[in-house]
Amino acid sequence: MPVEPVKDYRALDAFRFLAAALVAVGHFNDGFRLGLEAYTPLALRFGLFVDFFFILSGFVIALNYDGRIGNRAQYGDFLWRRFARLWPLHLAVLAFFGALGLVGHLFSYPFNNPETMNLSGLPWNLLLLHAWGPVWHQSFNVASWSISAEMFVYALFPVLAWQARRWPLVANLVVVATIVLLLTLTRNASGLRPWYQATYDLGAFRAVPSFLLGVIIHRATVGGGYPLRITWAMAHGVFVAALFAMHFGAPAEGVIALFGLFVFAAAKAEDAQPDTWLAGPVCRDFGQASYALYMVHMPMMTCGMVIARRTTGLGGISGWLFATVILAVAVLLALWLYKGFEDPWRRRLNGVSPFRKSVAPKTGLQIA
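Residues numbered from 1 in each chain as written. Predicted model: local features only at pLDDT ≥ 70, side-chain atom pairs only at ≥ 80, totals over all residues. Heavy atoms only, no water.

Here we come to the layout of surface pockets. One number sums up the size of the largest pocket: a volume of about 1300 Å³. Forming the walls of the largest pocket are 46 residues, and the residues nearest its centre are H27, D30, Q138, V142 and M298. For the lining of the largest pocket, the secondary structure elements donating two or more residues are helix 1 (12-31) and helix 11 (290-310). Per-element accounting of the lining of the largest pocket gives the leading share, 7 residues, to helix 11. Of the volumes computed, that of the second largest pocket is approximately 380 Å³. Lining the second largest pocket are 20 residues, with L173, L213, A257, G260 and L261 positioned closest to its centre. Elements that contribute at least two residues to the lining of the second largest pocket include exactly helix 6 (169-189), helix 7 (203-222) and helix 9 (252-272). Residue classes in the lining of the second largest pocket are distributed as 17 nonpolar, 2 polar and 1 charged. (1 Å grid on protein atoms, 1.4 Å probe; cavity = no way out; pocket = protein on both sides within 12 Å on 5 of 7 lines; lining within 4 Å. Points joined across faces, edges and corners; volume = space filled by probe spheres on them. Helix = DSSP H or I, 4+ residues; strand = E, 2+ residues; numbered from the N terminus. Nonpolar A, V, L, I, M, F, W, Y, C, P; charged D, E, K, R; others polar.)

It is worth spelling out the pattern of salt bridges at this point. Where charged atoms of side chains with opposite charge meet at close range, the side chains can pair. Here the structure, examined in full by the defined rule, presents 11 salt bridges. In this structure, D13 engages R16 in a salt bridge whose closest nitrogen and oxygen atoms are separated by 2.3 Å. Of this pair, D13 and R16 are both found in helix 1, 3 residues apart, which corresponds to roughly one turn of the helix. One exposure class covers both D13 and R16, and it is buried. For R187, the salt bridge is made with D201, and the minimal N-O distance between the two is 2.9 Å. A residue pair is termed long-range when its members are at least 10 positions apart, and R187 in helix 6 and D201 in the loop between helix 6 and helix 7 qualify at 14 residues. One continuous salt-bridge network, built from bridges that share partners, spans D66, R165 and R219. (Salt bridge = Lys/Arg side-chain N within 4 Å of Asp/Glu carboxyl O. Buried < 20%, exposed > 50% of the residue type's maximum accessible area, 1.4 Å probe, protein only.)

By the definition in use, this model includes 26 aromatic pairs. Judged by centre distance (4.9 Å) and plane angle (70°), the rings of Y65 and F78 are edge-to-face. In this pair, Y65 sits in helix 2 (residues 49-65) while F78 sits in helix 3 (residues 72-106), placing the two residues 13 residues apart along the sequence. Members of the aromatic cluster, connected to one another through ring pairs, are F15, F46, F49, F52, F239, F259 and F262. Geometry around W345 places R348 over its ring, the cationic atom sitting 4.8 Å from the centre. (Phe/Tyr/Trp six-rings, centres within 6.5 Å; stacked < 30°, edge-to-face > 60°. Lys NZ or Arg CZ within 6 Å of the ring centre and 35° of its normal.)

On to the nonpolar core. Grouped together as the largest cluster of nonpolar side chains are 113 residues, with contacts concentrated most on F32, F49, F52, F157, F259, F262 and V263. In terms of residues, this core owes the most to one element, helix 2, which gives 13 residues. Leaving out residues up to four positions away in the same chain, F157 has contacts with I61, A62, Y65, D66, I69, F78, F211 and V215. (Core = buried A, V, L, I, M, F, W, Y, C linked by side-chain atoms within 4.5 Å. Contact = heavy atoms within 4.5 Å.)

A few words now on the side chain of Q288. Mapped onto the elements of the fold, Q288 is located in helix 10 (residues 281-288). Using a relative accessible area of 13% as the deciding quantity, one classes Q288 as buried.

In structure tokens, the structure reads:
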């Protein structure tokens, strides 16, 4: 089946990397006691950028696969390709945490959260199902809950894409709002954290409204008949507005809505000005490294905290030094991991797919 040409929205790669870096900074702020919240409460809300990832993921997956999954073989091949994209690096980091747990056990090192290394969660982590409900505590690479959530929404993608194609924009947005309302009511009734803070505690469902919003934005951008001319200045203004909303304590739902508006505005801005520097090779390389940065920053932070506790201690100048050096090394490592590990293993696994190769992505964009 010939693959029809499709717009390749490269400029969003730069923001994908920025979002991954800010999530890492949020974790480092807590782990190394940097105290960034004394300057801006924004530092306590960097976790919302995970929802930005879900929106962008929905947009890119729809860009690549909307209308192209029509039977079980194509659905199986689609899920295999997504698994091949996420699992190799996830497995490598999981093995690292397993080794770390073994060393800690042999030397009787007291972990802050010993349940993280509980072997009962290992099978669910291996299968990327740990955020679906079987594990009710932080488990190994705690950041990987969102990767498990990604697999959940990938499994739902054909249904979500069908809905986005056949329903008008307003009706689709009402569906997103209804899902958010249902999540809020059910989690409140169960005594759980707000839906936008869910991670190991059924975090897979947190991804659904944001991912669906991304799918809807794809329809509005590519096939929705909205001939708006949006400049990059306007798109950047929306992103800055989201940051201000986070700083001034706006409801998380409003921040996530602004993230969605930004993805729409950025796609429209690239339609109008495709030669922006944001679509250049440097931003593309950093964007491709965003998944690796997201996955490796936690194990590197864990090791850095162990060293810091045994030497200079956490907080103060030493905390800033540890955090800065580790973040810089994590970025360099992530750049290498994509080209030297992730992409080669993705290609190998795609090459042994048990399903008919009929739904190769339309574009070169890879999203996690």
